[in-house]
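Overview (structure and organization)
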Amino acid sequence: MNPAVPVLLYHAVMDDPPEWIAEFTVTPRAFAAHLDAVADSGRTPVTIGAFAARLAGRAPLPPRPVLLTFDDGFADLPGPTAEVLAARGMPATAYLTTGAIVPGGRSLLPPAPMMTLDGAERLEEAGLEVGSHTVTHAQLDTLTARRLRAELLDSKAVLEDTLGHAVPHLAYPHGYNSPRVRAAAVRAGYETAAAVRHALSSERDERHRIARLIVRRGHTVVDVEAWLAGEGARVAPYRDGPETVAWRWYRRGRAALKGPEFAG
C-alpha cells in the first residue's frame, strides 16, 4: 500500500499574466474553486516542513494530507493569494527565486510582476512556509559544481538573513535535477527538495525529489478533484525513464556551449 499524497504546484494567480508564464497561471476565480475542492475533499493541507518530518520518521501526518506549493515569488503571492489561504486556514509553502525579488538582483526569469524580498516575512505571517528556489532559476542539472553550489547556498543565505531562521527546503527550478544535484542539495543543508515529475507523491517518496503536480491554466476542477482522490497520475517514487535521462544530457551539452539557461 502506497497512499498518494497530492503536492500541487502553482505559479502566479492572476487574471492577466505575461504570456511566458500564462500556461502556468490560474485565475483568482479558478484558484478559489481549487481551494473549495481541497476543502470538500476532506484532505488536510500541510507544509513541506510537516511532510519532511513524516518522511524522516519524526512525526505523523494527518490521515489524508495535501500540500499547496508556489514557485518563483510572483507579486500576487504575499498579497491576495496569501490572504485567501489565510482566510481559509490553509498552510502552504512558497519557494522564492531570490535573484528576482532582491533589489538589483539578477535572474533568468523573463519580466513579470514579482514580489519583493520584504514580502517573505508577510508570507510567514499569513501562514506560508518559505523555501528556496535558487538565485537565478537556472537549469541546475546543467551547471558546473561551482555555479550549482552558489545557486543553492546564496539563495538560502539571503532568505535566512531576511527571516532570521533556517530555510531547509528547496524546489528545483522547473524540477530539473539529477543525482549530482540532489547530492549537492544535501551538502548545502537542505532537508528536502521538491521536483515536479507531474506525479503524486507518497509517504515513501524521496526527500530530495518530492513529486509535485504542476497546475496549468488548462487544468479544470475535475482534474484537481482527481488528484485529491489519489488518481489521474502515477505515484512516486519511481526511477527516471530513458527520455528524461536523454533530455538531461542534451540540455547539459547545450549549456556547455551557450552557458546557463532559464529553467522553464
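Residues numbered from 1 in each chain as written. Predicted model: local features only at pLDDT ≥ 70, side-chain atom pairs only at ≥ 80, totals over all residues. Heavy atoms only, no water.

Description of the environment of Glu191
- Here Glu191 lies in the loop between α8 (179–187) and β8 (192–197).
- Spatially, the C-alpha atoms of Glu191 and Ala53 are 9.5 Å apart, while their sequence positions differ by 138 residues.
- Ignoring any residue separated from it by four or fewer positions in sequence, one finds Glu191 in contact with Ala52, Arg58, Pro168, His169, Arg207 and His208.
- Only 2.7 Å separates the side chain of Glu191 from the side chain of Arg58, close enough to count as a polar contact. (Helix = DSSP H or I, 4+ residues; strand = E, 2+ residues; numbered from the N terminus. Contact = heavy atoms within 4.5 Å. Polar contact = N/O pair within 3.5 Å; in protein donor to acceptor, adjacent residues only side chain to side chain.)

Structural notes on the packing of aromatic side chains
- One pass over the structure, following the stated rule, counts four aromatic pairs.
- With a centroid separation of 5.5 Å and an interplanar angle of 20°, the aromatic rings of Tyr10 and Phe70 are classed as stacked. Here Tyr10, found in strand β2 (residues 7–10), pairs with Phe70, found in strand β4 (residues 65–72); they are 60 residues apart in sequence, far enough to count as distant. Both residues of the pair, Tyr10 and Phe70, count as buried.
- Residue placement shows Arg197 over the ring face of Tyr238; its charged tip is 4.1 Å from the ring centre.
- One cation-aromatic arrangement involves Arg234 over Tyr238; the distance from NZ or CZ to the ring centre is 3.6 Å. (Phe/Tyr/Trp six-rings, centres within 6.5 Å; stacked < 30°, edge-to-face > 60°. Buried < 20%, exposed > 50% of the residue type's maximum accessible area, 1.4 Å probe, protein only. Lys NZ or Arg CZ within 6 Å of the ring centre and 35° of its normal.)

Some points on the nonpolar core
- Counting 35 residues, the largest nonpolar core has Leu68, Phe70, Leu85, Leu96 and Leu123 as its most contacted members.
- Top element by residues in this core is helix α2 (residues 28–41). It accounts for four residues.
- Sequence-distant contacts of Leu68, that is, excluding residues within four places in its chain, are made with Leu8, Tyr10, Leu35, Val38, Leu85, Met90, Pro91, Ala92 and Thr93.
- Core analysis: the next-biggest nonpolar cluster, separate from the first, contains 14 residues, Leu152, Ala184, Ala185 and Tyr190 among them. (Core = buried A, V, L, I, M, F, W, Y, C linked by side-chain atoms within 4.5 Å.)

With respect to the pairing of strand β5 (residues 92–96)
- Most of β5 sits inside the fold, with five of its five residues counted as buried.
- Note that β4 and β5 share four bridges and pair parallel. Within β5, the residue paired with Asp71 across the bridge is Tyr95.
- Two elements, β5 and strand β6 (residues 128–132), share five bridges in a ladder whose sense is parallel. Within β6, the position partnered with Leu96 by the bridge is Ser132. (Pairing = 2+ DSSP bridges.)

Some points on the side chain of Lys156
- Structurally, Lys156 is set in helix α7 (residues 145–163).
- Judged by its relative accessible area of 10%, Lys156 is buried.
- Other than its neighbours up to four places away in sequence, Lys156 contacts Ser132, Val167, Ala188, Gly189 and Tyr190.

Quick look at the packing of α2 against helix α4 (residues 77–88)
- Direction vectors running N to C along α2 and α4 enclose 25°, while the axes themselves pass 12 Å from each other. When the axis of α2 is compared with that of α4, the two are roughly parallel. Judged by the sense of rotation from one axis to the other, the crossing of α2 with α4 is right-handed. Facing Phe31, Ala32, Leu35 and Asp36 of α2, the residues of α4 in contact are Thr81, Val84, Leu85 and Arg88.
- Among the residues forming the contact of α2 with α4, the class breakdown is five nonpolar, one polar and two charged. (Axes fitted to C-alpha atoms, helices over the stretch in contact; angles between N-to-C directions. Parallel < 35°, antiparallel > 145°, perpendicular 65-115°, else oblique. Left-handed = near helix turned anticlockwise from the far one by under 90°. Nonpolar A, V, L, I, M, F, W, Y, C, P; charged D, E, K, R; others polar.)

Digging into the pattern of salt bridges
- All told, the structure shown has 14 salt bridges when counted by the stated rule.
- The salt bridge partner of Arg251 is Asp141, with a shortest N-O separation of 2.6 Å. Here the residue Arg251 occupies a position in helix α10 (residues 242–258), and Asp141 occupies one in the loop between β6 and α7, the gap between them amounting to 110 residues.
- For Arg251, a relative accessible area of 2% translates into the label buried. (Salt bridge = Lys/Arg side-chain N within 4 Å of Asp/Glu carboxyl O.)

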